Amino acid sequence: MRLEDLDTPALLVDLDRLERNIVRMQEAISAHGVALRPHTKTHKIPAIARWQVAAGAQGITVATVGEAEVMMAAGLADVFVAREIVGRHKLARLARLARQGPLSVAVDSVVGAEMLNAAMGEAGVQLEVLLEIDVGSQRCGVPPAEVVPLAEAVVKMPHLRLKGVFTHEGRAYGQGDPAAIERYARHEGEGVVEARDRLAAAGIEIEVVSVGSTPTAVGAAAVPGVTESRPGNYVFMDLKQVDNGVCTLDDCALTVLATVFSKPAPNRLSLDAGSKALSADTGAFGRPEEGFGLIKNTSYRLWKLNEEHGILVAEEPVPFGIGDRVEIIPNHACLVPALHEVAYGVRNGQVEVVWPIAGRGKF
Ligand SMILES: Cc1ncc(COP(=O)(O)O)c(C=O)c1O
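Residues numbered from 1 in each chain as written. Predicted model: local features only at pLDDT ≥ 70, side-chain atom pairs only at ≥ 80, totals over all residues. Heavy atoms only, no water.

## Comments concerning the packing of aromatic side chains
And step 1. Overall, the coordinates contain two aromatic pairs when judged by the stated rule.
And step 2. Summarising the aromatic geometry, the rings of Phe80 and Phe166 are spaced 5.0 Å apart at their centres and angled 85° between planes, so their arrangement reads as edge-to-face. Of this pair, Phe80 sits in strand 4 (residues 79-84) while Phe166 is found in strand 7 (residues 160-166), placing the two residues 86 residues apart along the sequence. For the pair Phe80 and Phe166, one class covers both residues: buried.
And step 3. Measuring from ring centre to ring centre gives 5.9 Å for Tyr300 and Phe320, while their planes differ by 75°; the resulting arrangement is edge-to-face. Residue Tyr300 is located in the loop between strand 12 (294-295) and strand 13 (304-305), and its partner Phe320 is located in the loop between strand 14 (310-313) and strand 15 (325-329); the two are separated by 20 residues in the primary sequence. There is no split in this pair, since Tyr300 and Phe320 are both buried. (Phe/Tyr/Trp six-rings, centres within 6.5 Å; stacked < 30°, edge-to-face > 60°. Helix = DSSP H or I, 4+ residues; strand = E, 2+ residues; numbered from the N terminus. Buried < 20%, exposed > 50% of the residue type's maximum accessible area, 1.4 Å probe, protein only.)

Put into structure tokens, the structure is as follows:
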């Protein structure tokens, strides 16, 4: 199949760029003697996860029980669910997965740990857990200073095994300054290492000290004591990463192929990729002028998205006509695969592989 044979909107993955991104991150993290456990929620495609493992990743990260089910059914082993799991339906599914192979899950409260322990007890399995540490992003987790009581409770629970601590420093997004990103990266690494040290002082030893986001991955891996890194977005990169100074446009592997279907004025047109194909994610700094995606190999950014319309408005006439097809680099790649049924792996204008997005809609 050639690119011209695809209907639009279509999700494209540039295979050369994907491969380069996988290898580059693996080498950068391995250079610090740290294990890479990529977050696969970005792509949700088992074949890409296998590619990451073949390049040297030690296990994978997922965001949901459904993603873990998909990845394990496809033969991926050693899966970390990097989110607290609550509710009897999901806990029963988690227990079933725990029987199948190495699996670990996030914990950030005694109440949550008790529920997990009870569910694993009922199923007669033991599950590995990592305590989530909040280094300042104020999402989930306990601050390093409060990790000891949580760990002391968890180590008494017979169906849980305390494996480590982890964090995600989301604040490095939107900095736009390498020095600021580096500061967040160091802070991220130091925060989890502090948690490990506090546990050690209380007589609790752990194996895994895990950090992870694409902007901070390499900087945090350089902090002594960090053992694992979990970036996810790096496989595709996106406009946010470019504007944040993390990569260049040439690193962006994910695009949405779209067709111009309306051009009511020389400087205004609509593409058939709206928020249902691109997501409504805003740019790196959340400013209106950042738009909603960049037309590849141009400087045109979409001005606005409706569900089925990607609208471009420029100061001057735009060089595209009705029926023309363009590729759009999305603001943020992480939501986009979840909006498509398949991704087309492309090299030299040829579709080499069609991947179902197996993890889409899997919660
Ligand atoms: C817990 C956790 N770990 C790792 C990541 C990967 O971060 P990024 O998408 O910046 O690579 C995320 C992303 O949201 C996350 O929530």
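Once the structure has been displayed, the description carries forward.
## Side note on the domain arrangement of the chain
And step 1. Assigned domains within the chain: domain 1 (3-9 + 247-356) and domain 2 (15-233).
And step 2. Averaged C-alpha coordinates put domain 1 and domain 2 at centres separated by 32 Å.
And step 3. Facing the 21 residues of domain 1 at the interface are 21 residues of domain 2.
And step 4. Between domain 1 and domain 2 the total buried area reaches about 1,600 Å² when both faces are included, carbon and sulfur atoms providing 56% of it.
And step 5. Ranking the residues of domain 1 by area buried against domain 2 places Cys334, Arg347 and Trp355 at the top, with a combined share of 36%.
And step 6. Linking domain 1 to domain 2 there are four salt bridges. (Domains from an automatic or database assignment. Contact = heavy atoms within 4.5 Å. Buried area = accessible area lost by both parts, 1.4 Å probe. Salt bridge = Lys/Arg side-chain N within 4 Å of Asp/Glu carboxyl O.)

## Comments concerning the site of the ligand
And step 1. The environment of the ligand is formed by 14 residues, the closest being Arg139, Tyr173, Thr214, Arg230 and Gly232.
And step 2. With respect to the ligand, the side chain of Lys41 contributes an N or O atom lying 3.1 Å from an oxygen atom.
And step 3. In the model, an oxygen atom of the ligand is placed 2.9 Å from a nitrogen or oxygen of the Arg139 side chain.
And step 4. Starting from 380 Å² of accessible surface for the ligand in isolation, the protein chains cover 93%.
And step 5. Given that more than half its atoms are within 2 Å of the pocket grid, the ligand belongs to the largest pocket.
And step 6. Considered class by class, the residues forming the shell around the ligand number four nonpolar, seven polar and three charged. (Near = heavy atom within 4 Å. Polar contact = N/O pair within 3.5 Å; in protein donor to acceptor, adjacent residues only side chain to side chain. Areas by Shrake-Rupley, 256 points an atom, 1.4 Å probe, with all protein chains shown as cover. 1 Å grid on protein atoms, 1.4 Å probe; cavity = no way out; pocket = protein on both sides within 12 Å on 5 of 7 lines; lining within 4 Å. Sits in = over half its atoms within 2 Å of the grid points. Nonpolar A, V, L, I, M, F, W, Y, C, P; charged D, E, K, R; others polar.)

## Notes on the layout of surface pockets
And step 1. Here the largest pocket is characterised by a volume of approximately 710 Å³.
And step 2. Around the largest pocket, the lining comprises 33 residues; the ones closest to its centre are His39, Lys41, Ala63, Arg139 and Cys334.
And step 3. In terms of residues, the lining of the largest pocket owes the most to one element, strand 4, which gives three residues.
And step 4. Residue composition of the lining of the largest pocket, by class: 10 nonpolar, 13 polar and 10 charged.
And step 5. Two domains each donate at least three residues to the lining of the largest pocket, and these are domain 1 (3-9 + 247-356) and domain 2 (15-233).
And step 6. The space that makes up the second largest pocket amounts to roughly 340 Å³.
And step 7. Lining the second largest pocket are 21 residues, and of these Met25, Thr214, Pro215, Val218 and Val246 lie nearest its centre.
And step 8. Elements with a contribution of two residues or more to the lining of the second largest pocket: helix 1 (15-30), helix 7 (178-201) and helix 8 (217-221). (Points joined across faces, edges and corners; volume = space filled by probe spheres on them.)

## What about the environment of Val154?
And step 1. Position of Val154 among the secondary structure elements: in helix 6 (residues 147-155).
And step 2. For Val154, a relative accessible area of 0% puts it in the buried group.
And step 3. When the C-alpha atoms of Val154 and Asp134 are compared, they prove to be 18 Å apart, with 20 residues separating the residues in sequence.
And step 4. When sequence neighbours within four positions are dropped, the list of residues in contact with Val154 reads Val107, Ala113, Val129, Leu131, Leu160 and Leu162.

## Structural notes on unusual backbone geometry
And step 1. Here the residue pair Thr8 and Pro9 is connected by a cis peptide bond, since its omega of -5° sits within 30 degrees of zero.
And step 2. Of note, Pro9 is situated in the segment before strand 1 (10-14).
And step 3. With phi around 60°, Lys44 is a residue other than glycine that occupies positive phi space.
And step 4. Looking at where Lys44 falls in the secondary structure, it is placed in the loop between strand 2 (35-36) and helix 2 (46-54).
And step 5. Taking the relative accessible area as the measure of exposure, Lys44 reaches 10% and is therefore buried.
And step 6. The phi dihedral of Asp78 is positive, around 60°, even though this residue is not glycine.
And step 7. Considering the arrangement of structural elements, one finds Asp78 in the loop between helix 3 (65-73) and strand 4.
And step 8. In this structure Asp78 comes out as partly exposed when scored by relative accessible area, which is 24%.

## Points about a nonpolar patch on the surface
And step 1. Among the surface-exposed residues, Val86, Val111 and Met115 lie close enough to one another that they form a single nonpolar patch of about 260 Å² accessible area.
And step 2. Structurally, Met115 is set in helix 5 (residues 110-123). (Patch = residues over 30% accessible without salt bridge, like charges linked within 9 Å, V, L, I, M, F, W, Y side chains within 5 Å.)

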